[in-house]
Every structure is written in structure tokens, then in C-alpha cells.
Amino acid sequence: MAGSTDLLSAAPIPAGPPLWLLAELTYQCPLHCVFCYNPTRHAQVTDELTTAQWVDVMTQARNLGAAQLGFSGGEPLLRDDLEELVQEAHRLGYYTNLITSGVGLTPVRAQKLKDAGLDHVQLSFQDSTRELNDFLSHTRTFDLKQRVAKLIKAHDWPMVMNCVLHRHNLPHVRKIIDMAVALEAEYLELANTQYYGWAWVNRDHLMPTREELAVAEAEVNAFRAEQDAKTEGHKTRVLFVVPDYFEERPKACMNGWGAVFLSIAPDGLAMPCHNARDLPGLQLPNVKDVSVADIWQRSNAFNTYRGDAWMKPTCRSCDERHKDFGGCRCQAFLLTGDAAETDPVCSKSAHHEKVVAVVRDAPRRRNIPIVFRSDAESKALHEPPRSAPAAVAAPQGGAFTASGGRAP
């Protein structure tokens, strides 16, 4: 495979294997979620890897030690070669996970994926109510997701139900939990919104108050206590991911840059995290041009924020630097303009007040339009405007209707 020497480091930093490989098969998606982590420039990504190229990537990564493989997107079920890719991943020895909205998972495809060796399914919901679920995704998919959940259980797959939390559905946390229990999910991931991609565009509409978050977390803890007291019957484990903006210390993003996680975008771009393609100046290698081994071990992009030599004094002098690895590089860039800065979530950061201000000021900035993820909106955000598009202002108090919104 041809290499690009200007992308490779002369002094790479030693790293273990990429244990977790995320295959973002496509950025195409039938949903239009306002908090989608896909890049807002997704409409510019059109040259998807072929089946053979994906198989080659999986083989190379497996040879490096990758053990778990997630098929994601967009919506991976839009790829008609998904079953073939799952089968090859199973043959290679991966533990495979399908991360899906459920759209496209018919009984026929479910059986084909089961026969191909798929190990696990993560199904997303937007809320426990049809109205809000369908508004936030700008689709009518709530009933479909209920059917897909039953289909997943009928095929004896372990099911993780995922629901992204924000100010609109935080009051429904207990109902979301009850829905997961009724659907017999093994795990419910209540993932508070991380403000990248489309969520960054809509952050003022999505940002809860500290009080709203505290009430929701109390509901989760009460349910956990109930589960711990159960001596028989089905138990659903609930994971509650606190939003960074309400913490005093940053998360260990991806367990460290280029430490265990390797994401391959639909066009073959290799990334140390989902949103790295948005960092300016970072020359990300592509699997079409550079071997996975060189990407992981030698590329400048994967070595840039490995270790602690890159850190500025605030991080480099901190006793917790090997615990949180300086936090999130994408978050640092979005809030300070410099990806090498200390993550502003950290109270030690000189920019911590910017995080405080975002949370504090969000309520008075909600008269701006809420933007649904779509190709049209992607182009509108990143191409010279021709005319002002119609907009949708999210109603106050979360009183949404599924018929409202900007046309996808």
C-alpha cells in the first residue's frame, strides 16, 4: 500500500493495539437528530469505502490486535453489504456491535445478520413519548423502534438501549427507564448530550440547568437502588453519562488520544475520535493511502496528542494528567480555538469561565432556530448562502409537535 511520508511521524510514541474499531459505514441517515455527533459537513463526504476496502481495513486492524468492532453511521443498515461485512468480521474473530436507529432492520435482515454472526445491537430512542421522539429525529419512527426492540429480543441479541439526554427529555428519565425495562433491554445508556457536531449547533436548545440534571440523576439512582433490591426477574443496568459542562474535571476522552480507539469514517479517513476531522491543521491519514499499522503507530495525527509532551503547563504539571489525559481535544478547540489547550471543563483551565457562561447563558439564547441534521442544512452551514432558509424555533417548555420543523 502506498504511503504518504509527510503524514508519518519521525519519532512515533509507542502505543498499544487499537482494541476498539469503529466502522462508520456511511453518513447517510433517515433520521435528522438535532444532537447528532456526525460532522456538520457530512454532505461533503460522498466517496464511501467499498466492501472490499472495508474488509481490508478490518483485516489490518484485527492483525494489530483490534478485538471489538462497531458498525455505525449515519445508519449502517443503509449499506446493503452490511451482512457481508458482519460475516467477515465474525470470521476474523471480532465481537461485533450494530449501532442503529432501527430503521431498516426488518425481520428478513435481522435473520441474515444473526446468521452472519452479529453479536450485539445498540438501539437508539430519542424519548419515551412518541411526540418528542419523532420531533427530535424529525421522523415518525417511535412505533418502528418499539417493533425493532422486540425483534432484537426475538433473535436473542443482547440489547443496549441508548437515549441521548438534554433539557427536553430529562424530565422523562424515569419513563425512559420504564420503557427500557418493559422492552427487556440488558443495558440502558442515558448519554447526556456531548456538544460536538449538530449538538454544538443546537447547544443552547439542548443545554439543561444544573437543577434539571440533578433531578434526573436522582431518578436514576432511585431506580438503581430498586434494581439492587431485586432478588429475581429481569434486571436492566442503567449507565448515566454526566455532561462534561457540569463537571469540574474533564473526562478521559477515548481513554486517551490514540490509546485504544480507532474510528474510520465513510470516506476512509482515520480518526482517534469521532470528531477529529473538525480539528484544523490535523492532517488525518486515509486508509486508501496509508496502511492501518502506519496510521496507528506512525501517523502525525495519532501521535500529536499521545503522551504528555504536547500538554501546556496547566496539564503537564497536574497530578491527574495520566487519569484524564488533558480531557477532550475537540472540546478544547470549540471553546478556546486551540486544540492543545487544557479542556475548559477543568476548573484549573484559564478558560473554564467559558463553560460556565455557556450553561448560564443558554436559556436567553433559545430564540434562535433549532437546526435539524440534513444534507440541506449541512450545505447551508458550510456553503455560501444563496437565500435565507426557513427556520424553526423550538417552543419553550418542550411542547413540541412532530409536524413542526424545517423540512429535511
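Just so you know, these numbers come straight off a predicted model, no measurement behind them.

(A) Region of the structure containing the pairing of strand 2 (residues 68–72). For strand 2, the buried fraction is high: four of the five residues fall into the buried class. Sheet topology note: the strand 1 (residues 20–24)/strand 2 ladder contains five bridges and is parallel. Each residue of the ladder has a partner; that of E24, found in strand 2, is S72. The parallel pair strand 1 and strand 2 is bridged by helix 1 (residues 51–64), and the resulting crossover is right-handed. Pairing of strand 2 with strand 3 (residues 95–100), which is carried by four bridges, proceeds in the parallel orientation. Bridging from a neighbouring strand, F71 pairs with L98 of strand 3. As a crossover connection, the stretch from strand 2 through helix 2 (residues 82–92) into strand 3 is right-handed.

(B) Spatial organisation of the pattern of salt bridges. Taken as a whole and judged by the stated rule, the model has 21 salt bridges. Note that R365 is salt-bridged to D204, the shortest N-O span being 2.8 Å. Here R365, found in the loop between helix 15 (352–361) and helix 16 (375–382), pairs with D204, found in helix 8 (residues 203–206); they are 161 residues apart in sequence, far enough to count as distant. For D267, the salt bridge goes to R277, with nearest N and O atoms at 3.0 Å. In this pair, D267 is assigned in the loop between strand 8 (261–264) and strand 9 (270–271) and R277 in the loop between strand 9 and helix 10 (292–298), connecting sequence segments 10 residues apart. Residues joined in a network through salt bridges with shared partners are D204, E353, R360, D361, R364 and R365.

(C) Main features of helix 14 (residues 329–336). Across the eight residues of helix 14, six count as buried, placing the element largely inside the fold. All of the buried residues along helix 14 are R329, C330, Q331, A332, L335 and T336.

(D) Fine view of the side chain of S137. Looking at the element boundaries, S137 is found in helix 4 (residues 130–137). Here N133 takes part through its backbone oxygen, which lies 3.1 Å from a polar atom of the side chain of S137. At 2.7 Å, the side chain of S137 and the side chain of T139 are in polar contact. Not counting residues within four places of it along the chain, the set of residues in contact with S137 comprises L31, H32, C33 and Q126.

(E) Focus on the packing of helix 1 against helix 2. Packing of helix 1 against helix 2 leaves a shortest axis separation of 10 Å and a crossing angle of 20 degrees. In this view, helix 1 runs roughly parallel relative to helix 2, as classed from their interaxial angle. Read as a crossing pair, helix 1 and helix 2 show a hand that is right-handed. Where helix 1 approaches helix 2, its residues T51, W54, V55, M58, T59 and R62 are matched on the opposing element by E84, L85, E88, A89 and L92.

(F) Main features of the nonpolar core. Judged by nonpolar contacts, the single largest core of 112 residues is most densely connected at F71, Y94, L113, M161, L190, Y245 and I264. Residues in contact with L113, not counting those within four places in the same chain, are L77, L82, E83, V86, L98, L105, L118 and W157.

(G) Up close: the sheet that holds strand 3. Spatially, the nine strands line up as an open sheet ordered 7-6-5-4-3-2-1-8-9, and their pairing is mixed. Each edge of the sheet is formed by a strand with only one pairing partner; in this case those strands are strand 7 (237–241) and strand 9. In this sheet, strand 8 lies alongside strand 1 in parallel orientation, the contact comprising four bridges. The partner of A23 across the bridge, within strand 8, is I264. Along the sheet face, helix 9 (residues 210–229) touches strand 6 (187–192) and strand 7 and points at about 160 degrees away from the line of strand 7.

(H) The arrangement of helix 4 in detail. Across the eight residues that make up helix 4, a large majority, six, are buried. Of all the residues in helix 4, the buried ones are L132, N133, D134, F135, L136 and S137. For helix 4, the elements touching its buried residues are strand 4 (120–125) and helix 5 (142–154). Following helix 4 by one or two positions, H138 adopts a phi angle in the positive range, close to 55 degrees.

(I) Highlighting the confidence of the model for the chain. Mean pLDDT over the chain stands at 92; residues scoring 70 or higher make up 92%. A low-confidence stretch, residues 393–408 (pLDDT under 50), is modelled with 40 contacts involving residues beyond four sequence positions or located in other chains.

Definitions and limits used
- Residues numbered from 1 in each chain as written.
- Predicted model: local features only at pLDDT ≥ 70, side-chain atom pairs only at ≥ 80, totals over all residues.
- Heavy atoms only, no water.
- Buried < 20%, exposed > 50% of the residue type's maximum accessible area, 1.4 Å probe, protein only.
- Helix = DSSP H or I, 4+ residues; strand = E, 2+ residues; numbered from the N terminus.
- Pairing = 2+ DSSP bridges.
- Right-handed = clockwise from strand over helix to strand, strands pointing away.
- Salt bridge = Lys/Arg side-chain N within 4 Å of Asp/Glu carboxyl O.
- Polar contact = N/O pair within 3.5 Å; in protein donor to acceptor, adjacent residues only side chain to side chain.
- Contact = heavy atoms within 4.5 Å.
- Axes fitted to C-alpha atoms, helices over the stretch in contact; angles between N-to-C directions.
- Parallel < 35°, antiparallel > 145°, perpendicular 65-115°, else oblique.
- Left-handed = near helix turned anticlockwise from the far one by under 90°.
- Core = buried A, V, L, I, M, F, W, Y, C linked by side-chain atoms within 4.5 Å.
- pLDDT = per-residue confidence, 0-100.

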